[in-house]
Amino acid sequence: MKVLVVNCGSSSIKYQLYEMPEKRVISKGLVERIGEKHGALEHHYADEVRRLEGQIADHEEGMALILETLAGTDGVLESAEEIGAIGHRVVHGGEEFTGSVLITPEVIASIERFADLAPLHNPPNLTGIRAAMHELPEVPQVACFDTAFHATIPEVAYTYALPYQLYEKYGIRRYGFHGTSHRYVARRAAEVLGMDKYAINCITVHLGNGCSMAAVKEGRSVDTSMGLTPLEGLVMGTRTGDFDPAILFYLTDRGYDMTSLNKLCNKESGLLGISGESNDMRTLLERSEQGDHRSRLALDVFCYRIKKYIGMYTAVLGRVDAVVFTGGIGENASAVRAGACCDLEALGIVLAPDQNDRIVGRREGAISTPESPTAVLVIPTDEEAAIADDTYRIMRSNPCLTP
């Protein structure tokens, strides 16, 4: 079965076409700058790259262009009808969705309802679903929720110390994100260590422009650093992570309004805010080596926050079989991994510096010493493969959907 995986943003569509159940990537690409004057599609197949440029009015036109490229004269499909199912990344599923589901009108209504909790993500995700349904109305579509893996978090971990009626009335609680990535690397870590997926205790560390961590006990998420929204937790590229909320009241008294505060917390803070230069880890590493104090400070704060969460989650789990780094920064920035794990020997974490320096560029491997009681692993994440796997599984469990 051929499964198309779609990750739709406000002005972009990322896609990968898989042959299942082998999980073989047939092709992948990106449509970007949708709705702007100069749009583009970059399509990868085998060792070839095809780039098309021109105005792409909306997501329906972008989806049509993807299908046309996949099934064109030099495409990888004879017809778009060869696609057996489409899997969509959806950021927020609230408390309703504890796993991936076949998309129905009721599911679409729920995704719309949760848009208030993820206003920057759910509406574009839904736009992608509707565009795909318009282009291929007979093809089953599956929604894979970022929040689903964290549905097992216990009440004591997801409850905020706010008036309880705010949870009852508005659903204000910890939900967590990057769940597809955390689940994928936790499962892969169990394989690497020769453990059953429901036996492993691990701390998963997803570091990119957005960053989050999860405490995984017996294969299930029991705590995670992001909260009601993706703002809470670790220091990120442009997001604050944890900070004293009274700062917002203080700034309000000094003329900031809700719009400016939202922008401050989500777009102007994090690595960018501290360094005053960049949210790109590569730039900050280079500048810190050149002696730039604020770039060095941004890196130190970034690593310090990760280290604190490793300590907290060790206390939550009791036994930690592995700490797993993933994401663009987690997979490539050996200096960040070293900074986050330094002086944690008392917790059973002993890094092997030479091995740590060698594991970069989407390579998988252990970066701890053989004697380290807790393994430290680098595992490249593959959220698209996880979505393809869920989509295929749902199709196989519903024989009436399978051609």
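By convention here, each chain's residues receive numbers from 1 onward along its written sequence. Reporting in this predicted model follows two pLDDT cut-offs: at least 70 for local features of residues, and 80 or more for side-chain atom pairs to be given and counted; totals over whole chains, interfaces and linings ignore these cut-offs and use all residues. Each side-chain value is worked out from all heavy atoms of the structure, with water and hydrogens disregarded.

Here a salt bridge means any side-chain nitrogen of Lys or Arg lying within 4 Å of a carboxyl oxygen belonging to Asp or Glu. One pass over the full model with this rule turns up 25 salt bridges. Across the pair R33 and E32 runs a salt bridge, and its minimum N-O distance is 3.9 Å. Look at E32 and you get partly exposed, because its relative accessible area is 23%. Here R174 ties to E232 by a salt bridge, and the two come within 3.1 Å at their closest N and O atoms. In this pair, R174 sits in the loop between α5 (164–170) and α6 (179–192) while E232 sits in the loop between β11 (220–224) and α7 (246–252), placing the two residues 58 residues apart along the sequence. Counted as one network, the salt bridges with shared partners bring together E32, R33, E42, R51 and E53. Only protein chains enter the calculation, and the probe is 1.4 Å; a residue is then buried if its accessible area is under 20% of its type maximum, exposed if over 50%, and partly exposed in between. To qualify as a helix, a DSSP run of H or I must reach at least 4 residues; to qualify as a strand, a run of E must reach at least 2; elements of each kind are numbered from the N terminus.

Attention now moves to the side chain of S269. Turning to its location among the elements, S269 is positioned in the loop between α8 (258–267) and α9 (270–275). Residue S269 is classed as buried on the basis of its relative accessible area, which comes to 12%. Residue contacts are defined here by distance: any two heavy atoms, one from each residue, within 4.5 Å place the two residues in contact. The contact partners of S269, leaving out residues within four places of it in the chain, are G237, T238, R239, T240 and L264.

Now for the sheet that holds β11. Whether two strands pair comes down to DSSP finding at least two bridges between them. Taken together, the six strands give an open sheet; going across it, the order is β11-β10-β9-β12-β14-β13, and neighbouring strands pair in mixed fashion. Either end of the sheet is taken by a strand with one partner, and the two such strands are β11 and β13 (365–366). Of the pairings in the sheet, the one linking strand β9 (residues 202–207) to strand β12 (residues 322–326) comprises five bridges and is parallel in character. Counted as the bridge partner of C202 is A322 from β12. Sitting on the sheet, α6 is in contact with β9, β10 (211–217), β12 and β14 (375–378), with an inclination near 130° to β9. Fitted lines through C-alpha atoms give the axes, limited to the stretch in contact for helices. The angle between two N-to-C directions lies from 0 to 180 degrees.

Among buried residues, the Ala, Val, Leu, Ile, Met, Phe, Trp, Tyr and Cys ones that are joined through side-chain atoms within 4.5 Å form a nonpolar core. Counting residues in each nonpolar core, the largest one holds 41 residues, and the members touching the most others are I203, L207, M213, F302, I306 and V336. Looking at this core, the elements with two or more residues in it are β9, β10, α10 (281–289), α11 (293–317), β12, α13 (334–341) and β14. Counting residues per element, this core draws most heavily on α11, which supplies nine residues. Setting aside anything within four residues of it in sequence, one finds I306 in contact with V205, L207, M213, L234, V336 and A340. Within the second largest apolar cluster, 25 residues are counted, among which are V6, A80, A131 and V139.

So yeah, pure geometry; function would need other evidence.
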